[in-house]
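Tertiary structure, described
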Amino acid sequence: MSKIGIHSFVWSAGSSKSELEKALTHTHELGFDLIELSYSDPDQIDVRWLADRLRELKLDVAISMGLPPQGDISSDDPSVVARGTEDLKKAIALTRDLGGTKLAGILYAAHGKSDLAPTRRSWETSVSAFAKVAEHAKPSGVTLNLEVANRFESNMLNTVAQGLAYLADVGASNVFLHLDTFHMNIEEADIALAIRHAGDKLGYVHIGESHRGYLGTGTLDFVSIFDALEAIGWQDYVTFESFSSAIVDRELSVKMGLWRDLWADNVALARHAHAFIEIGRETAKLKAALLKTAHLP
Ligand SMILES: [Mn+2]
């Protein structure tokens, strides 16, 4: 059985107890093993209750975030870097307190369309701030997974090659790449080869269609993607990410350019995604086994 996760925004963008309960219950009932929650201020949610509910439902949890412009750790303004550093530390603590081990997303610079190209200085500012955050994260057991994003959502890490260079500069053993097929489709020369190139530096995976709707109804070649994950020995989570303005976090929707509703029935969407990922990963396993078997007389 494959480890399959789902982003909570398939269910709800709210963080009230009732909205979270709905997201947890749906996730559990449809057979997902992990729920990904967008970071929200721990003061705004009942952390103890949420940790208990996750444990009761035997759900793993991942937290994701994109740094806001006022917390951009690649900024020339030290007060902005300081604020982003604090946001990351709070997110690490929240992940740990919920029983999770992965913080993911655009953790290295602001999430959003940039007006400027990155500079050597912004890269080094980000690397230096992030190295300190990585050191801070070590006792928590939470890994930091940097989402390589498309050019419209980040100006810094758009490809696996750039992500690997950033990891090398940070030089910490608890930092990995978070790859998302939606973003890779826009930027990589070859998605499957890029996954192989990431290899053991891969820490978290988002699976999303080229238009962020139903898997298999866009232009992505998921057979080669599942084969690549199998080839690098990926046994960890693949998390389904799909957004619709039907269920909306307005700020995030604008950042991601969600202008069309590609689905209305989230239960049907999630059921389909779970089956699609499961059969895709199982098939890749069978194929790999077949390739290794010499049927000799
Ligand atoms: Mn993603």
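Our subject is the structure that appears above.
Residues numbered from 1 in each chain as written. Predicted model: local features only at pLDDT ≥ 70, side-chain atom pairs only at ≥ 80, totals over all residues. Heavy atoms only, no water.

In this fold, Trp49 is placed in helix 2 (residues 47–56). When its relative accessible area of 19% is taken as the criterion, Trp49 is described as buried. As a C-alpha pair, Trp49 and Phe9 span 40 residues in sequence and 20 Å in three-dimensional space. Among all residues touching Trp49, those that are not within four sequence positions of it are Lys17, Leu20, Glu21 and Leu24. (Helix = DSSP H or I, 4+ residues; strand = E, 2+ residues; numbered from the N terminus. Buried < 20%, exposed > 50% of the residue type's maximum accessible area, 1.4 Å probe, protein only. Contact = heavy atoms within 4.5 Å.)

A few words now on the coordination of the manganese ion. At this site the manganese ion is bound by Glu147 (OE), Asp180 (OD), His206 (ND1) and Glu241 (OE), with donor distances of 2.0 to 2.2 Å. We note that the donor set of the manganese ion lies within a single chain, spaced as E-x32-D-x25-H-x34-E. You can see Glu147 sitting in strand 5 (residues 143–147) and its partner Asp180 sitting in strand 6 (residues 175–180), a full 33 residues away along the chain. By relative accessible area, which is 7% here, Glu147 ends up buried. For Asp180, a relative accessible area of 1% corresponds to the buried category. (Donors = N, O, S within 2.8 Å, 3.2 Å for Na, K, Ca; no water.)

With that settled, consider the nonpolar core. Generally speaking, nonpolar side chains in soluble globular proteins are found buried as a group. Leu98, Phe130, Leu144 and Tyr166 are the most contacted members of the largest nonpolar core, which totals 84 residues. If you tally residues by element for this core, the top one is helix 4 (residues 120–137), at seven residues. With residues up to four places along the chain from it excluded, the contact list for Phe130 reads Ile73, Leu88, Leu107, Leu144, Leu146, Tyr166, Val170 and Val175. (Core = buried A, V, L, I, M, F, W, Y, C linked by side-chain atoms within 4.5 Å.)

Look at any regular strand and the pattern is simple: side chains alternate between the two faces of the sheet. In terms of burial, strand 3 (residues 60–67) is a largely internal element, six of the eight residues being buried. Here five bridges tie strand 2 (residues 34–38) to strand 3, and the two strands are oriented parallel to one another. Across the sheet, residue Ile35 finds its bridge partner in strand 3, namely Val61. For the crossover that starts at strand 2, traverses helix 2 and ends in the parallel strand 3, the hand is right-handed. Pairing geometry for strand 3 and strand 4 (residues 102–110), over six bridges, is parallel. For Gly66, the partnering residue across the bridge sits in strand 4 and is Ile106. (Pairing = 2+ DSSP bridges. Right-handed = clockwise from strand over helix to strand, strands pointing away.)

Further remarks concern the side chain of Ser40. Mapped onto the secondary structure, Ser40 falls in the loop between strand 2 and helix 2. A residue is classified by how much of its surface remains accessible, and Ser40, at 18% relative accessible area, is buried. Every residue in contact with Ser40, bar those within four places of it in the chain, is listed here: Ser15, Ile45 and Leu94.

All right, on to helix 5 (residues 160–170) then. Considered for burial, the residues of helix 5 that qualify are Val160, Gly163, Tyr166, Leu167 and Val170. Each buried residue of helix 5 lies within a common arc of 120° when the element is viewed along its axis, so the set occupies one face. On the buried face of helix 5, the contacting elements are strand 4, helix 4, strand 5, strand 6, helix 6 (181–187) and helix 7 (191–198). The positive-phi residue at the C-terminal boundary of helix 5 is Gly171, with phi of around 65°. (Arc of directions from axis to C-beta.)

Of all the six residues making up strand 6, six are buried; the element is thus mostly covered by neighbouring parts of the structure. Two elements, strand 6 and strand 7 (residues 202–207), share four bridges in a ladder whose sense is parallel. Paired with His178 across the two strands is Tyr204, which belongs to strand 7.

A word on the packing of helix 1 (residues 17–29) against helix 2. Where helix 1 meets helix 2, the closest approach of the two axes is 11 Å, and the angle between their N-to-C directions is 15°. By the angle class used here, helix 1 and helix 2 are roughly parallel. The way helix 1 lies across helix 2 gives a crossing that is right-handed. Contacts between helix 1 and helix 2 involve Lys17, Leu20, Glu21 and Leu24 on the former and, on the latter, Trp49, Leu50, Arg53 and Leu54. Split by residue class, the contact of helix 1 with helix 2 holds five nonpolar, no polar and three charged. (Axes fitted to C-alpha atoms, helices over the stretch in contact; angles between N-to-C directions. Parallel < 35°, antiparallel > 145°, perpendicular 65-115°, else oblique. Left-handed = near helix turned anticlockwise from the far one by under 90°. Nonpolar A, V, L, I, M, F, W, Y, C, P; charged D, E, K, R; others polar.)

A separate point is the packing of aromatic side chains. This model, assessed by the stated rule, comprises seven aromatic pairs. Connected via pairs of aromatic rings, a cluster forms that spans Tyr108, Trp123, Phe130 and Tyr166. Of note, Arg212 hangs over the ring of Phe182, and the distance from its end group to the ring centre comes to 3.9 Å. (Phe/Tyr/Trp six-rings, centres within 6.5 Å; stacked < 30°, edge-to-face > 60°. Lys NZ or Arg CZ within 6 Å of the ring centre and 35° of its normal.)

By themselves, these observations are geometric and do not establish any function.
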